[in-house]
Amino acid sequence: MAFEGLTQRLQQAFGKVRGKGSLTEEDVKLVMREVRMALLEADVNYKVVKDFVKKATERCIGQETQSGLSTQQQVVKIVNEELTELMGGSNARLQYSSSPISVFMLCGLQGAGKTTMSAKLANWLKKDGKRPLLVGCDIYRPAAIKQLQVVGGQVGVPVYEHGTQDPVKTALEAVEYARQHQRDVVILDTAGRLHIDEALMEELHRICEAVHPSEILLTIDAMTGQDAVNVANTFNEKLEITGVILTKLDGDTRGGAALSVRAVTGKPIKFAGTGEKLDDLEVFHPDRMASRILGMGDVLTLIEKAQDEVDEKKAAEVAQKLKENSFDMEDLLEQIKQVRNMGPLGKILEMFPGMSGKVTDEAAQAGEQEIKYLEAIINSMTKAERANPDLINPSRKRRIAAGSGTDVPRVNRVLKQYKQMKEMMKMLGGKGKNGKRRRRMPFNPAMLKNLPPM
């Protein structure tokens, strides 16, 4: 996962002042030396690191320890605030035109992921209530327009293209087409090159002069580290970009581009690609990213994902069933599906406080496999068995195990876990045997220890 190495190194650095009653100047310098090395290893621009460490050191030395905070928490708080400021302070929103049609132009080097990112952005805009139109302006890369048509079809957004004619003319025609077909955002997928050259910049300038885009978004590959920052700086000098979209931020990357690009270019990161799927696009929030880097989680993004994916009507029905203690295996299966819609288990767990950098790929994959087993077992049950698991006798268990590709002991564990979950629900406010409502018991996390492993 992105920033995993940086997160671990920073936590080790903060551990050097754990338990200290007060911070001395020597303590601060010791911690900041480690912070500097961690940032440099993460491929953050050297000048950016130097300025960052200087500011953080000055604040730590001159700061009185706040009541209620340990010395370690005080350092973490300052570093968190400085990281947030380094990445822009607050999230930068897309700027729409005052006219009925807004034009967003995506640019960047070849291989940065512009075409896929164009579809991801169109999908995000569509969910936000917009009516986007994708436009194929890359007439040089073989099959670029075909690729745009494929990804556009996958997100349900139309694609305008006119073969290999001048991209400037295609862009002008696309704006007129959008006006006639009630499309309010035009996304231009422009051509990239293997390196920055005058011909590329001249073409982009001509497109800008023709359609006056309200956003010029540079797509850069986070995997390329400092090279990505250099590309961003050059594009900004020649084209005056309005923002940056980082791709592949979910990969095995050191993440230095995310921490450097704003400081070097002065332009905000507006979106981050967090996976290969076309809905793996997040608005870039500097404060949330800083929290992730420091291992503090990102609960707000987790909540937003849940709000996007969870069916409110079904959630209300489940809440009522929980209240009535009538939650069955069918409901459990539905809840599993909704959690899976939020993304890979590893990415979800990384958003919980204290989990960043601690969820290994092996553990995440093992968790995903266990969920698949659980789904397979429940899917192998009949409707009657899901509604009333007490019907499942030894012969039925053997049938379910065979149908799910598992074994009887695993089926037994699932049934045992379900029964213990039902008992827990009763303890948390279900009804007793006499039909009267039990006295609601406070939730005790220790109850979870009694659940058997899958």
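Draft legend 1. Spotlight on the sheet that holds strand 3 (residues 159-160). Strand order in the open sheet made by the eight strands is 3-2-4-1-5-6-7-8, with mixed pairing throughout. What marks the edges here is a single partner per strand, and that holds for strand 3 and strand 8 (281-283). Of the pairings in the sheet, the one linking strand 7 (residues 269-273) to strand 8 comprises three bridges and is antiparallel in character. Bridging from a neighbouring strand, Ala272 pairs with Glu282 of strand 8.

Draft legend 2. Broad picture of the packing of aromatic side chains. The full count for this structure, using the stated rule, is three aromatic pairs. Note on Tyr96 and Phe104: the rings are 5.6 Å apart at their centroids and 45° apart in plane angle, and the pair reads as tilted. Given a relative accessible area of 33%, Tyr96 falls into the partly exposed group. Residue classification places Phe104 among the buried positions, given a relative accessible area of 0%. With 5.2 Å between their ring centres and 45° between their planes, Tyr160 and Tyr177 make a pair best called tilted. Note that Tyr160 is positioned in strand 3 and Tyr177 in helix 7 (residues 167-180), a separation of 17 residues in sequence. On the accessibility criterion, Tyr177 (28% relative accessible area) is partly exposed. Here Lys130 stacks its cationic end above the ring of Tyr96, 4.4 Å away from the centre of that ring.

Draft legend 3. Up close: the side chain of Thr84. Among the structural elements, Thr84 can be located in helix 4 (residues 71-86). The class of Thr84 is buried, set by a relative accessible area of 11%.

Draft legend 4. View of the environment of Cys60. As for its position among the elements, Cys60 is in helix 3 (residues 46-62). For the pair Cys60 and Ile78, spaced 18 residues apart in sequence, the C-alpha separation works out to 7.1 Å. Each residue touching Cys60, except ones within four places of it in the same chain, is listed here: Val28, Met32, Val75 and Ile78.

Draft legend 5. Highlighting the environment of Leu415. Take Leu415: it is sitting in helix 19 (residues 408-427). C-alpha of Leu415 to C-alpha of Met329: the two residues are 86 residues apart in sequence and 9.4 Å apart in space. Not counting residues within four places of it along the chain, the set of residues in contact with Leu415 comprises Met329, Met381, Pro389, Ile392 and Lys397.

Draft legend 6. View of unusual backbone geometry. At Gln182, a residue that is not glycine, the phi angle is positive and equals roughly 55°. With respect to the secondary-structure elements, Gln182 resides in the loop between helix 7 and strand 4 (185-190). You will see that His212, though not glycine, has its phi angle at about 50°, which is positive. Along the chain, His212 falls in the loop between helix 8 (198-211) and strand 5 (215-221).

Draft legend 7. Structural context of helix 8. Given a rise of 1.5 Å per residue, 14 residues ought to cover 20 Å, and the 20 Å separating the end C-alpha atoms of helix 8 matches this to within 8%. Every buried residue of helix 8 is listed here: Leu200, Met201, Glu203, Leu204, Ile207, Cys208 and Val211. Down the axis of helix 8, the buried side of the element spans an arc of 160°, and every buried residue falls inside it. The exposed residues of helix 8 that point more than 90 degrees off its buried face are Glu198 and Glu209. Taken together, the buried residues of helix 8 touch strand 1 (102-107), strand 2 (132-137), helix 7, strand 4, strand 5 and helix 9 (226-239). Looking one or two residues beyond helix 8, the residue adopting positive phi is His212, at roughly 50°.

Draft legend 8. Here's a closer look at the packing of helix 9 against helix 10 (residues 256-265). Where helix 9 contacts helix 10, the axes come no closer than 9 Å and their chain directions differ by 25°. Relative to helix 10, helix 9 is oriented roughly parallel. Judged by the twist between their axes, the crossing of helix 9 over helix 10 is right-handed. In this structure, helix 9 contributes Gln226, Ala228, Val229, Ala232, Asn233 and Asn236 to the contact, and helix 10 contributes Ala257, Ser260, Val261, Val264 and Thr265. Taken together, the residues of the contact of helix 9 with helix 10 break down into six nonpolar, five polar and no charged.

Draft legend 9. Summary view of the confidence of the model for the chain. Across the chain, the average pLDDT comes to 77, with 74% of residues at or above 70. Note that pLDDT drops below 50 for residues 430-454; the model gives that stretch 38 contacts with residues more than four away or on any other chain.

Draft legend 10. Region of the structure containing the pairing of strand 1. By the criterion of burial, strand 1 is predominantly enclosed, with six of the six residues buried. Here strand 1 shows a buried face lined by Ser102, Phe104 and Leu106 and a second buried face lined by Val103, Met105 and Cys107. Relative to strand 4, strand 1 is paired through five bridges, and the arrangement is parallel. When the bridges of strand 4 are listed, Val103 appears paired with Val186.

Analysis parameters
- In this numbering scheme, every chain counts its residues from 1 along its sequence in written order.
- Residue-level local features of this predicted model are given only where pLDDT is at least 70; pairs of side-chain atoms are given and counted only at 80 or more, and the full residue set underlies all totals for whole chains, interfaces and linings.
- The basis for every side-chain value is the complete set of non-hydrogen atoms in the structure, without hydrogens or water.
- The pairing criterion is simple: DSSP has to find at least two bridges between the two strands.
- Numbering goes from the N terminus for both helices and strands, where a helix is a DSSP run of H or I of at least four residues and a strand is a run of E of at least two.
- A pair of Phe, Tyr and Trp rings is counted when the ring centres sit within 6.5 Å of each other, with Trp represented by its six-membered ring. The angle between the planes then sorts it: under 30 degrees is stacked, over 60 is edge-to-face, the rest tilted.
- Relative accessible area decides the class of each residue, using a 1.4 Å probe on protein chains only: under 20% of the type maximum gives buried, over 50% gives exposed, and in between gives partly exposed.
- Charge-over-ring placement is defined geometrically: NZ (Lys) or CZ (Arg) within 6 Å of the ring centre, and within 35 degrees of the ring normal.
- Note on contacts: a residue pair qualifies if any of its non-hydrogen atoms lie within 4.5 Å across the two residues.
- Working rule for helices: expected span equals 1.5 Å times residues minus one.
- By construction, the arc corresponds to the directions joining the helix axis to the C-beta atoms.
- In this analysis, axes come from line fits to C-alpha atoms, helices being fitted only over the stretch in contact, and the angle between any two N-to-C directions falls in the range 0 to 180 degrees.
- Reported orientations rely on four angle classes, namely roughly parallel under 35 degrees, roughly antiparallel over 145, roughly perpendicular from 65 to 115, and oblique for the rest.
- Crossings are classed by handedness, with left-handed meaning an anticlockwise turn of the near helix from the far one by less than a right angle and right-handed meaning a clockwise turn.
- Following the grouping adopted for this structure description, the nonpolar residues are Ala, Val, Leu, Ile, Met, Phe, Trp, Tyr, Cys and Pro, the charged ones are Asp, Glu, Lys and Arg, and the polar ones are all others, Gly among them.
- Every residue carries a pLDDT, the predictor's confidence in it, which falls somewhere between 0 and 100.

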